[in-house]
Amino acid sequence: NAMFDVDNLPVIYMKVRLSVAGAGVPDTDHQFFMGLTDAVAAGPASGAPLDWLGFTNTSDGPGATGTGDWYAQARDASTGNPVSCGVAVSETNFSLLIIKVRANNSVDMLIDANVSDGISPTLCTTFTSNIEQTDMSALFKVDFDANSNAPSLEIDYFRAWQDDADGDNQALESEPPLVVD
């Protein structure tokens, strides 16, 4: 079920490590996607989701070409190309990936590619267009080409919060008040 809405200004923290058996750092045969999507399934079967916001190691819009570097991407209706974060993926250290929605037309993407030396995220990019406006859910997706080495996506944590929903959320309004004795 969709849990995140850009109007509620979600903030997402993901600590992840990517690797490929026998190859180490991801390459052209391995594509990773982490963030938010409006798709219940992580469709299409391969490549980037049609509508999503997050981090990847792919250098092209459709998400077909994996690299050894981090990219941020905002993609709405298949429009929106990845932006290089200028840092390499490490197969030995965890990375911290942060999505901060500031408004429905402004999203900061921050990254610390190696948290083993302390946490100091830097701004990768700020998206002001191609931001999906429908409700979204968490996304962790790995693609790899046939006959290639098996990929690994390790997730240390996924932390998320957002502002309260507007008054249209009947589930919140129908809950009885909490009574403390």
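Residues numbered from 1 in each chain as written. Predicted model: local features only at pLDDT ≥ 70, side-chain atom pairs only at ≥ 80, totals over all residues. Heavy atoms only, no water.

What about the overall build of the protein chain?
Then, number 1: Helix and strand content of the protein chain: one helix and 10 strands.
Then, number 2: Going residue by residue from the N terminus, the α and β elements of the protein chain occur as β-β-β-β-β-β-β-β-β-β-α.
Then, number 3: Across the 181 residues in the protein chain, those meeting the buried criterion constitute 44%.
Then, number 4: Summarising the internal contacts of the protein chain: among those between residues at least 6 apart in sequence, 61% fall at separations of at least 24.
Then, number 5: Carbon and sulfur atoms provide 49% of the accessible area of the protein chain, an area that totals close to 8,900 Å². (Helix = DSSP H or I, 4+ residues; strand = E, 2+ residues; numbered from the N terminus. Buried < 20%, exposed > 50% of the residue type's maximum accessible area, 1.4 Å probe, protein only. Contact = heavy atoms within 4.5 Å. Areas by Shrake-Rupley, 256 points an atom, 1.4 Å probe, with all protein chains shown as cover.)

What about the side chain of Ser-95?
Then, number 1: Structurally, the position occupied by Ser-95 is in strand β6 (residues 95–103).
Then, number 2: Reaching out from Ser-95, the side chain makes a polar contact with the side chain of Trp-70 at a distance of 3.5 Å.
Then, number 3: One polar contact links the side chain of Ser-95 to the main-chain carbonyl oxygen of Ala-113, over a distance of 2.9 Å.
Then, number 4: Once you skip the residues sitting within four places of it in the chain, Ser-95 turns out to touch Met-14, Lys-15, Val-16, Trp-70, Asp-112, Ala-113 and Val-115. (Polar contact = N/O pair within 3.5 Å; in protein donor to acceptor, adjacent residues only side chain to side chain.)

Details of the sheet that holds strand β8 (residues 122–127)
Then, number 1: Ordered by their spatial adjacency, five strands build an open sheet running β8-β7-β6-β1-β10, and the pairing between neighbours is antiparallel. Two strands lie at the open edges of the sheet, namely β8 and β10 (151–161), each paired on one side alone. On average, adjacent strands in this sheet sit at an angle of 20° to one another, irrespective of strand direction.
Then, number 2: One ladder, built from 10 bridges, connects strand β1 (residues 11–20) with β10; its direction is antiparallel. Residue Tyr-13 lies in a different strand from β10, and its bridge partner there is Arg-159. (Pairing = 2+ DSSP bridges. Axes fitted to C-alpha atoms, helices over the stretch in contact; angles between N-to-C directions.)

Re the pattern of salt bridges
One side chain can pair with another of opposite charge once the charged atoms of both are near each other.
Then, number 1: Under the counting rule described, the total for this entry stands at four salt bridges.
Then, number 2: For Glu-154, the salt bridge goes to Arg-17, with nearest N and O atoms at 2.9 Å. Here Glu-154 is found in strand β10, whereas its partner Arg-17 is found in strand β1, with 137 residues between them in sequence. (Salt bridge = Lys/Arg side-chain N within 4 Å of Asp/Glu carboxyl O.)

A look at the pairing of strand β4 (residues 66–75)
Then, number 1: Within β4, eight of the 10 residues are buried, leaving the element largely enclosed by the surrounding structure.
Then, number 2: Relative to β4, strand β3 (residues 52–58) is paired through six bridges, and the arrangement is antiparallel. Counterpart to Gly-54 in the pairing with β4 is Gln-73.

Section: the state of the cysteines
Then, number 1: On inspection of all chains with the given rule, the structure shows one disulfide.
Then, number 2: Two residues share a disulfide in this structure: Cys-85 and Cys-124, whose sulfurs sit 2.1 Å from each other. Handedness of the Cys-85-Cys-124 disulfide follows from its S-S torsion of about -90°: it is left-handed. Taken together, the residues Cys-85 in strand β5 (residues 83–88) and Cys-124 in strand β8 connect sequence positions 39 residues apart.
Then, number 3: Residue Cys-85 is classed as buried on the basis of its relative accessible area of 14%.
Then, number 4: We classify Cys-124 as buried; its relative accessible area is 14%. (Disulfide = S-S within 2.5 Å.)

Comments concerning the nonpolar core
Then, number 1: Judged by nonpolar contacts, the single largest core of 27 residues is most densely connected at Phe-55, Trp-70, Ile-99 and Met-109.
Then, number 2: With near-sequence residues (within four places) excluded, Ile-99 lies in contact with Pro-10, Val-11, Ile-12, Met-14, Gly-35, Leu-53, Gly-54, Phe-55, Val-107, Asp-108 and Met-109.
Then, number 3: Counting residues in each nonpolar core, the second largest holds six residues, with Phe-94, Leu-96, Ile-98 and Val-115 among its members. (Core = buried A, V, L, I, M, F, W, Y, C linked by side-chain atoms within 4.5 Å.)

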